[in-house]
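# Geometric and topological summary
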Amino acid sequence: MGYDQDKVNEITLALLWLTSFKDPVGVRAWKGQDWDTMERLHLKGFISDPKSKAKSVVLSAEGEKRSRELFAKHFALKR
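Residues numbered from 1 in each chain as written. Predicted model: local features only at pLDDT ≥ 70, side-chain atom pairs only at ≥ 80, totals over all residues. Heavy atoms only, no water.

### Quick notes on the pattern of salt bridges
- Counting across every chain of the model gives seven salt bridges.
- Across the salt bridge formed by Lys44 and Asp6, the nearest N and O atoms sit 3.8 Å from each other. You can see Lys44 sitting in the loop between α2 (35-43) and β3 (56-58) and its partner Asp6 sitting in helix α1 (residues 5-18), a full 38 residues away along the chain.
- We classify Asp6 as exposed; its relative accessible area is 53%.
- Here Glu69 and Arg66 are joined by a salt bridge, their closest N and O atoms 3.5 Å apart. In this pair, Glu69 and Arg66 are both assigned in helix α3 (residues 61-75), three residues apart and thus about one turn of the helix distant. (Salt bridge = Lys/Arg side-chain N within 4 Å of Asp/Glu carboxyl O. Helix = DSSP H or I, 4+ residues; strand = E, 2+ residues; numbered from the N terminus. Buried < 20%, exposed > 50% of the residue type's maximum accessible area, 1.4 Å probe, protein only.)

As structure tokens, then:
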């Protein structure tokens, strides 16, 4: 089945905000997502290289900002 990779990238980046946490390096997120999507997000500069032994990736400053915005856009309660 074909799918819209841009939409999947957007939702995946939004969901990374859900699993994000701060550590001394910056904001990290658990990398339990589709590998191809994670690689695309890495190539766009939103996250560190997912091909490491670490169980999480570091969000770039832009990745953190965009992830937070997308999470609010797609999942925040409308009041």
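### Focus on the sheet that holds strand β1 (residues 20-23)
- The sheet built from three strands is open, its strands ordered β1-β2-β3 with antiparallel pairing. Each edge of the open sheet is held by one strand with a lone partner, namely β1 and β3. Across the sheet, the mean angle from the axis of one strand to that of its neighbour is 35 degrees, orientation sign disregarded.
- The sheet contact formed by β1 and strand β2 (residues 26-30) spans four bridges and is antiparallel. Bridge assignment links Ser20 to a residue of β2, and that residue is Ala29. (Pairing = 2+ DSSP bridges. Axes fitted to C-alpha atoms, helices over the stretch in contact; angles between N-to-C directions.)

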